[in-house]
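# Breakdown of the fold
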Amino acid sequence: MRASLLQIAVDAGESVESRRRRVASLVREQAGADLVVLPELWTTGAFAYEDFGREAEPLEGPTYEVMAKAASDAGVWLHAGSIPERDPDGPLYNTSLLFSPSGEPAAVYRKIHRFGFDKGEAVLMGAGTELVTVRLPSTTLGLATCYDLRFPELFRGLVDAGAETLVVPAGWPERRRAHWTLLAQARAVENQAFVLACGTAGTHAGVPQAGHSIVVDPWGEVLAQAGPGEEVLTVEFDPAKVTATREQFPALKDRVLGLEAPRRR
Ligand SMILES: O=C(O)CCC(=O)C(=O)O
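Keep in mind it's a predicted model, so treat the numbers as computed, not measured. (Residues numbered from 1 in each chain as written. Predicted model: local features only at pLDDT ≥ 70, side-chain atom pairs only at ≥ 80, totals over all residues. Heavy atoms only, no water.)

## Details of the packing of aromatic side chains
The line we're drawing: Aromatic pairing here means that ring centres of Phe, Tyr or Trp (its six-membered ring) are within 6.5 Å. Orientation follows from the plane angle: under 30 degrees is stacked, over 60 is edge-to-face, and everything else is tilted. Our definition puts a charge over a ring when NZ of Lys or CZ of Arg is within 6 Å of the ring centre and also within 35 degrees of the ring normal.
Enumeration over the complete set of coordinates arrives at eleven aromatic pairs. Consider the rings of Tyr 147 and Phe 151, whose centres lie 5.1 Å apart with planes at 85°: the pair is edge-to-face. Grouped by ring-pair contacts, the aromatic residues Phe 47, Tyr 49, Phe 52, Phe 115, Phe 117, Tyr 147 and Phe 151 constitute a single cluster. Here the guanidinium or amino end of Arg 110 rests over the ring plane of Tyr 93, the centre of that ring lying 4.1 Å away.

## Digging into the site of the ligand
Note the cut-off: Note on terminology: near, applied to a residue and a molecule or strand, indicates that one of the residue's heavy atoms is within 4 Å of it. Computed with the Shrake-Rupley method and a 1.4 Å probe, the accessible areas treat only the protein chains shown as cover for residues.
Lining the immediate surroundings of the ligand are Glu 40, Phe 47, Lys 111, Phe 115, Cys 146, Tyr 147, Arg 150, Gly 171, Trp 172, Pro 173 and Arg 176. Burial of the ligand by the protein chains amounts to 99% of its free accessible area of 290 Å².

## Section: the state of the cysteines
As a reminder, the rule being used: Disulfide assignment relies on a single distance test, namely cysteine sulfur atoms paired within 2.5 Å.
Across all of its chains, the model carries zero disulfides by this definition. Between Cys 198, a cysteine without a disulfide, and Cys 146, which holds the nearest cysteine sulfur, the sulfur-to-sulfur distance is 11 Å.

## With respect to the UniProt feature "domain: CN hydrolase" (unreviewed entry) in the chain
How we decide: UniProt positions are given in the numbering used here, feature names are shortened, and annotations may be inferred rather than shown by experiment. Working definition: helices are DSSP H or I runs of at least four residues, strands are E runs of at least two. Numbering for both runs from the N terminus.
In the numbering adopted here, UniProt assigns the feature "domain: CN hydrolase" (unreviewed entry) to residues 1-239. Between the first and last C-alpha atoms of residues 1-239 the distance is 7 Å; the span itself is 26% helix and 28% strand.

## Things to note about the nonpolar core
For clarity, the threshold we go by: Among buried residues, those of type Ala, Val, Leu, Ile, Met, Phe, Trp, Tyr and Cys that are joined through side-chain atoms within 4.5 Å constitute a nonpolar core. Buried, partly exposed and exposed residues are distinguished by accessible area as a fraction of the type maximum, computed with a 1.4 Å probe on protein chains only: under 20%, between the cut-offs, and over 50%, respectively. The contact rule is simple, with two residues in contact once any of their heavy atoms fall within 4.5 Å.
Formed by 47 residues in total, the largest nonpolar core has its most connected members in Leu 5, Leu 35, Leu 143, Phe 155, Trp 172 and Leu 196. With five residues, the top contributor of residues to this core is strand S9 (residues 194-198). Ignoring anything within four residues of it in the chain, the contact list for Leu 143 reads His 79, Ala 107, Tyr 109, Val 132, Val 134, Leu 154, Leu 158 and Val 167.

## Some points on helix H5 (residues 152-160)
Put simply, the rule reads: Here, the arc refers to the directions that run from the helix axis to the C-beta atoms.
For H5, every residue scored as buried is listed here: Leu 154, Phe 155, Leu 158 and Val 159. Seen from one end, H5 has its buried residues packed into an arc of 140°, which puts them on one side. Exposed and oriented more than 90 degrees from the buried face of H5 are Glu 153 and Asp 160. Of the surrounding secondary structure, the elements contacted by the buried residues of H5 are strand S5 (105-110), strand S6 (133-135), strand S7 (140-143), strand S8 (165-169), helix H6 (177-191) and helix H7 (241-248).

## Some thoughts on the sheet that holds S7
Put simply, the rule reads: A pair of strands is labelled paired if DSSP reports no fewer than 2 bridges between them. Axis angles are defined between N-to-C directions and span 0 to 180 degrees, where every axis is a line fitted to C-alpha atoms and, for a helix, only to the segment in contact.
The mixed open sheet is built from six strands, whose spatial order is S6-S7-S8-S9-S12-S13. The sheet terminates laterally at S6 and strand S13 (222-225), the two strands that pair on one side only. The mean angle between the axes of side-by-side strands here comes to 15°, regardless of whether they run parallel or antiparallel. Pairing between S8 and S9: five bridges, direction parallel. Bridge pairing in S9 links Val 168 to Ala 197.

Dropping the structure here:
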């Protein structure tokens, strides 16, 4: 399986409209890949809180249309990263879109863990409530977004639902780059799954982005990692390695569920 992670530079000097066009043509250039992955909130930038409301789109808005067409032009499965979604009956959501190689919608995932504590995304956006997995011809994807990477129970839920390849679009800041690499490897090792984590480059809203998108195999080996700037990170991997790893080192079978809390003495 060949995957291309498009580590897009999100800088304030470029309009959303021109970034959308630029990213669509980068997706088209990936014809021949099986899966293309974009980062979180690449239209606005994950920290451009003031732009969320202004740039929010309906689910089937401009980014959806342009990305559906780009997926079918390239003939690839496209994880189009996430958009600020305006739900007509509810709040904004940080919503990921996945398209099939014919440009059909294949999945929608609304980010469950919102970042910012008592400000930013945490107050501006609603929380998703559903785990999402998607069966591709050679692997089952499990979807998560950025801050979700810190919550292992979400990933365990995805694995229980059959996920073998965990896809994590992000807008991770440079300041916590060490956590990004460490957590991507931890999620791969503990779940014996591939992790494809695609971040942004550039600086928006005064927050330098980490870049360093990463692909980790089920043994925790880093198959590829990008540098800090805009980059297309392409990697070939064998999805069958998930089953092989889980058979050779069957730690997932030794889980003990439903442990009781310690008794007070
Ligand atoms: O957890 C972190 O350090 C970064 C999370 C983040 O930037 C996000 O979810 O947008």
